Amino acid sequence: MGTTNIKIKDFLNGDKNMTRLLIVFAAVFALCSLTKGSMFLSTSNFQSMGKQFPEFGLLSIGMALALFTGGIDLSIVYIATLSSVIIARLLPLMVTETATDGTAYMMVIVCFILAIAVGIICGMLNGFIISKVGIPPILATLGTQALFQGFAIVITGGSTISGFPIQLSTMVNKLVFGIPVTVIVFIICAIVVGFILARTTLGRQLRMLGTNPKATEYTGLNNVKLTMTSYMMSGILASIAGIIMIGRFNSAKADYGASYTMQAILIAVMGGIDPNGGKGNIQGVAIAIIIIQMVSSWLNMFENVSNFYRQIIWGGLLIFILIFNYVINVREKKAAMKK
Amino acid sequence: MNTKRILHSTEFYIAIIAALFCMIVQIKSGQFFTGNNIVDLLRSFTIPAMFCLGEMMILISGNTDVSFPAIASVSMYVVCTVFDGVFTNPLMFFLMAMLIGLALGAINGIIIAYFKFPALIVTLGTSSLCFGIMQGVFNSKEEPLGEVLYRVGEMKLFSVTNPQSGLTSDMPVLVLAMAALFVLGWFILNKTMLGRGIYAIGGDAIAAERAGFNVFATQMFIYCFSGCMAGMIGVMRATMMLAVHPNNLEGMEMTVIAACVLGGVRITGGKGTVIGAILGMVLMTVISNSLILLGISTQWQKVFTGIIIIIGTAVSAIQTKKNEKKLAVKMAAA
């Protein structure tokens, strides 16, 4: 028994942010269950939550990756939109009316692969102009944000595209043992990225890059390659989010998901990623995603609460969390000084 | 300033590029240097150019603010709807909006200057707050402009009619306000200790503090100034459009930041001139307004904005890298 006690203590001390997040998670869950019990605790609510969070969840992990390396990716939402409008244009061309079910599914998968390729290219472009050309991440991704959104507008002609083969939405909206397939995709992505950051050499190098890029350079690491890998991973996650988006709405438009940029930063910061780089983990981000989704669904249950109040809450929450983390940090430093 | 320095400045290149671009449009369409086109360009230049002033101060101090369109929209909406019919003097509307903007800017300033958070993230948050308050609490929608401000909007310096197309364009009075604002901005940045403090903070905040600059007060000033200006510009926008459009400033932060950076304002801080930012905005306005004259669909506008931002910033980034290398070589030789 003694050893387990120590382990729990280590766990709690080692990752205070995680403990706090779990407490917030429990508190939010309790609040939602107490105030809207019958609606909140229903299976259909959990299923609809499961359908909603993977797309912004993946974007948040992508944003977390960029913040982790000391950068930021403002273009991430538009990588997702660009991927989805490319699917929207290609798929109807590839699947003709006479195609069999099997070929249609094949073509949908080919489109998905192409969409991910788009994500890779966009991410590499970000990484290239940030690390090789030397443009600060804020500006570089501000530029590519306009560029990607611009291409999405040109491709769609500024309007909504719909009318895809049925196989697309069937595939994205499938339930496996009652769990939406998108949730499974999200979990796999979160585990892979979490594993890379926590357990691999690449993850450690990215952490060092986020803490002190000069030091990594003098250690002999290839900063250009590291930055490009990081933004490429964000790009892949974004394009998967784009695939989920087009499947869920069954349509594509150049400004879908425009509000996700702020939300993705909020979630990453809430999950314990330091916007100055080098700190945090994906477990924290994953819990933050679920907390935000619970609050969002809970707000939906009040009919007279306008959608716009969510904007106020997210904005206020972001600033509150920044200040909260700051205060905690100062306190911890003081405590450490005393010791 | 000697000629060599002028020839090597970013402002000089931007002016040349802008002039070349104007020539190309003129040759292709024959419609560029017509009275009404110039007036139209000035009309669409006025609002974003005034935003440039506040934003460039923040960029020079080494931060990025994306909340000014939100501050402008919410101040404008509150003033134009809640206070509609309250005042008979149009100046009171502007004053009210400036006060609201000042308060919102002060909130930004306190959070950023006291806690030293990245301004981009903070202002993304406050921007969402402002738009949320406007759309949720005030339930914003498109509304007609009140009588007092409508009369301000109808005031014009002169009108120009294009003899070929028969289109008439009015030169708004607000162009004068813009000119005054530029002078004010130039004066603050170049002729006051406060302005030098902004440059010093952007160069190196710790060094500035040691040199005796009050970093907190200077930062508070720039966010309050930017907020105050944003409030005023919001109402100006409403008078120019002769209607209250709550959402159509959204996204302008991109154009404004791009213009500043194009004009040689360094995003990492410490460098930039009012003339440069103005020229950057001239180039942005000319390009985005001339796409139609060149026969390019407006759908490409965003793509062009993106390419301009990337190329413009790449040039200055590469220059900085070169200078660093030169410096390193010099230091090694010494």
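None of the values given here were measured: they were computed from a predicted structure. (Residues numbered from 1 in each chain as written. Chains lettered and ligands numbered in written order. Predicted model: local features only at pLDDT ≥ 70, side-chain atom pairs only at ≥ 80, totals over all residues. Heavy atoms only, no water.)

**What about the pairing of strand S2 (residues 156-161) of chain B?**
Residues and elements named next belong to chain B. As a reminder, the rule being used: Two strands form a pair only when DSSP identifies at least two bridges running between them. The helix and strand labels rest on DSSP assignments: H or I over at least four residues marks a helix, E over at least two residues marks a strand, and numbering proceeds from the N terminus.
Bridge count between S2 and strand S3 (residues 168-172): five bridges; the pairing is antiparallel. By the bridge assignment for S3, threonine 161 is matched with threonine 168. Between S2 and S3, which pair antiparallel one after the other, the connecting turn spans six residues, and glycine 166 there sits at a positive phi close to 80°.

**Regarding a nonpolar patch on the surface**
Put simply, the rule is: The patch calculation keeps residues exceeding 30% relative accessible area without a salt bridge and links them within 9 Å when they carry like charges or within 5 Å when they are nonpolar (Val, Leu, Ile, Met, Phe, Trp, Tyr). Surface accessibility follows the Shrake-Rupley procedure with a 1.4 Å probe radius. Residue values consider only the protein chains on display as shielding. Just to be clear on terms, a salt bridge is a Lys or Arg side-chain nitrogen sitting within 4 Å of an Asp or Glu carboxyl oxygen. Residue burial is assigned from relative accessible area. The probe radius is 1.4 Å, only protein chains are included, and a residue is buried under 20% of its type maximum, exposed over 50%, and partly exposed in between.
Judged by side-chain polarity, Val305, Tyr309 and Ile313 of chain A together with Val82, Ile133, Val137 and Phe138 of chain B come together as a nonpolar surface patch covering roughly 500 Å² of accessible area. For the nonpolar patch, the secondary structure elements donating two or more residues are helix H15 (308-338) of chain A together with helix H6 (119-137) of chain B. Assignment of secondary structure puts valine 305 of chain A in the loop between helix H14 (282-300) and H15. Of the residues examined, valine 305 of chain A reaches a relative accessible area of 31% and is grouped as partly exposed.

**Some points on the pattern of salt bridges**
In the structure shown here, the tally under the stated rule is four salt bridges over all chains. Two residues, glutamate 55 of chain A and arginine 248 of chain A, come together in a salt bridge whose shortest N-O distance is 2.8 Å. Here the residue glutamate 55 of chain A occupies a position in helix H4 (residues 43-68), and arginine 248 of chain A occupies one in helix H12 (residues 223-249), the gap between them amounting to 193 residues. Exposure remark for glutamate 55 of chain A: the relative accessible area of 0% places this residue in the buried category. Classification of arginine 248 of chain A by relative accessible area gives partly exposed; the value is 28%. One salt bridge connects glutamate 147 of chain B with arginine 151 of chain B, and the closest N-O pair in it is separated by 3.6 Å.

**Description of the interface of chain A and chain B**
Counted only if it meets this: Pairs of residues are marked as contacts when any of their non-hydrogen atoms sit within 4.5 Å. The term buried area means the drop in 1.4 Å probe accessible area that two parts suffer when joined, counted for both and summed.
Tallying the contact residues gives 40 residues for chain A and 39 residues for chain B. Of the roughly 3400 Å² buried at the junction of chain A and chain B (both faces included), carbon and sulfur atoms supply 82%. Those elements that place two or more of their residues in the side of chain A that touches chain B are helix H6 (101-132), helix H7 (137-156), helix H13 (260-270) and H15 of chain A. Considering every element that reaches the side of chain A that touches chain B, the biggest residue donor is H7 of chain A, with 13 residues.

**Here we look at the side chain of glutamate 55 of chain B**
All names here are of chain B. Definition in use: Charged residues are defined narrowly, with Lys and Arg counted positive, Asp and Glu counted negative, and His plus the chain ends left uncounted. Whenever a nitrogen or oxygen atom comes within 3.5 Å of another N or O atom, the pair is scored as a polar contact, on the condition that within protein one atom can donate a hydrogen and the other can accept it, and that pairs from neighbouring residues in sequence are kept only if both atoms are in side chains.
Among the structural elements, glutamate 55 can be located in helix H3 (residues 35-60). Buried within the structure, glutamate 55 lacks any salt-bridge partner; its nearest side chain of opposite charge belongs to arginine 266, at an N-O separation of 15 Å. From its side chain, glutamate 55 meets the backbone nitrogen of aspartate 65 in a polar contact 3.4 Å long. Here glutamate 55 is in contact with Thr64, Asp65, Phe68, Val256, Ile257 and Cys260, once residues within four sequence places are set aside.

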